[in-house]
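Each chain is listed here by its residues.
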Amino acid sequence: MLSGDNYKRTISALLLSVVILSTVRGQAGSYYFTRTDEPVEKAFSLLIPKGWITEGGAIRILDPNIAGANNMVDCKFDLTVKKDREGSVMIRWMPEMMCIDQAYAWGNPEGAVFNNTLVRRKRDPVAFLAEVAIPYAHPGARNVKLITAKQLPSLAELYSSGVDPAMRMVTNMSYYAAMAVFRYEENGISYEERMITVIEDYGNAGGGLWKNRQSMLFRCPAGEMSRWEPVLNVIQNSGIWNLKWIAGEVNGQRQRSGLIAATQKELQEMDNAINESRRKTYSEINKDMYLTLTGQNEYTNPFTGKVETDTDSWKNRWINQNGDIIYSDNASYNPNSDPALQVTGFKRSTPRQ
């Protein structure tokens with residue numbers, strides 16, 4: 001059984017990965033993002049381009065015959081944010097699954113349940129993306145081609161540095177991360193897709209256990225990635241966890257593990273640790289996932305007075321009390337007087353001096 005401090009580190013790491021142009025556009029070419037809750041449990045919120053669609057969300061595996069009891073402990077997420085029903089432009093976070101390497105499963109086939117865990121041959125990150133993630137996310141994909149792949153040792157090191165020392169001593173835990181670019185056809189359309197994942201390997205002492213972490217994809221029609229990078233980047237980096245949800249999830253896991261409930265102080269510390277880990281992780285991902293982004297800036301929220309880090313892909317940033325954001329490159333543009341948007345209550349969020 002884990003100690004209080006070790007449990008806190010484990011939960012923080014767990015929640016980190018659980019842990020982004022039909023947009024309504026104004027006369028100045030503005031981009032309107034609304035803060036939207038994760039649909040199933042409201043575990044977190046994201047900035048979503050107005051008019052886009054969210055699908056999926058939190059998943060609770062309630063039957064051990066589906067993927068084993070080890071995958072019933074934590075909440076998983078399979079969430080898609082997409083431009084249209086076809087998902088011509090989309091960002092998707094795929095669920096993290098605890099697996100046992102088929103070599104340790106006494107002849108059980110891939111997809112079976114053995115030793116309370118899903119049987120799945122252990123793969124390196126690129127093989128996992130090509131052989132597991134692509135078929136899972138796009139069962140109708142045809143002529144799939146791997147265009148390029150890149151190992152991400154810095155991202156792997158971020159995960160490795162967060163491992164509880166006690167866990168490392170008994171499992172020989174190690175991490176491997178990669179980003180891959182694929183092209184394929186789906187329903188007659190040619191797509192480009194960037195995918196990323198981290199493989200968590202429990203080592204020989206871990207009995208063949210391994211897990212995919214931070215598995216996500218960005219796709220758009222072939223040749224249009226640079227056009228959609230700023231929009232997808234806003235979605236990806238906009239997540240805010242719901243502290244009330246974190247409290248329920250952590251205490252639920254503690255009950256299932258026979259531990260006492262977390263205090264408010266512990267929960268706040270976890271929330272801070274999760275947000276900081278998420279910031280570092282997404283910052284590292286952004287370096288390799290995007291090609292043309294210019295960077296980020298610090299802005300003062302006119303309602304809260306807090307400093308917020310956000311994209312500087314647009315020159316002007318407007319925000320309202322709900323956290324909705326409108327971006328524009330026109331210095332004289334005011335969304336409150338834009339007849340195409342019909343909104344009020346937005347104030348300019350200025351770069352921090």
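It should be emphasised that the depicted structure is a prediction, and the values quoted were computed from it without experimental measurement.

**A closer look at the sheet that holds strand S2 (residues 44-49)**
- On the basis of which strands lie adjacent, the open sheet formed by 6 strands has the order S13-S2-S1-S17-S16-S18 and antiparallel pairing. Taken across any chain shown, the strands that pair with only one partner, and hence form the sheet edges, are strand S13 (240-241) and strand S18 (347-348).
- As paired elements, S2 and S13 share 2 bridges and run antiparallel to each other. Across the sheet, residue Phe44 finds its bridge partner in S13, namely Trp241.
- Relative to S2, helix H6 (residues 225-237) is tilted by about 165 degrees, and along the sheet it contacts strand S1 (31-37), S2 and strand S17 (325-328).

**So, the pattern of salt bridges**
- Using the criterion set out here, one finds 25 salt bridges in the structure.
- Ionic pairing is found between Glu308 and Arg317, a salt bridge with its closest N-O pair at 3.0 Å.
- When salt bridges with common partners are traced through the structure, they connect Glu110, Arg121, Arg123 and Glu131 into a single cluster.

**Description of the pairing of strand S12 (residues 209-221)**
- Burial within S12 is extensive, with 12 of its 13 residues counted as buried.
- Of the strand pairs in this sheet, strand S5 (residues 90-93) and S12 are connected by 4 bridges, and their pairing is antiparallel. From the neighbouring strand, Met90 faces S12, where its bridge partner is Arg219.
- Where strand S6 (residues 98-100) and S12 come together, 3 bridges link them in antiparallel fashion. Note on S12: the bridge partner recorded for Ile100 is Leu209.

Reading the values: rules and limits
- Residues numbered from 1 in each chain as written.
- Predicted model: local features only at pLDDT ≥ 70, side-chain atom pairs only at ≥ 80, totals over all residues.
- Heavy atoms only, no water.
- Pairing = 2+ DSSP bridges.
- Helix = DSSP H or I, 4+ residues; strand = E, 2+ residues; numbered from the N terminus.
- Contact = heavy atoms within 4.5 Å.
- Axes fitted to C-alpha atoms, helices over the stretch in contact; angles between N-to-C directions.
- Salt bridge = Lys/Arg side-chain N within 4 Å of Asp/Glu carboxyl O.
- Buried < 20%, exposed > 50% of the residue type's maximum accessible area, 1.4 Å probe, protein only.

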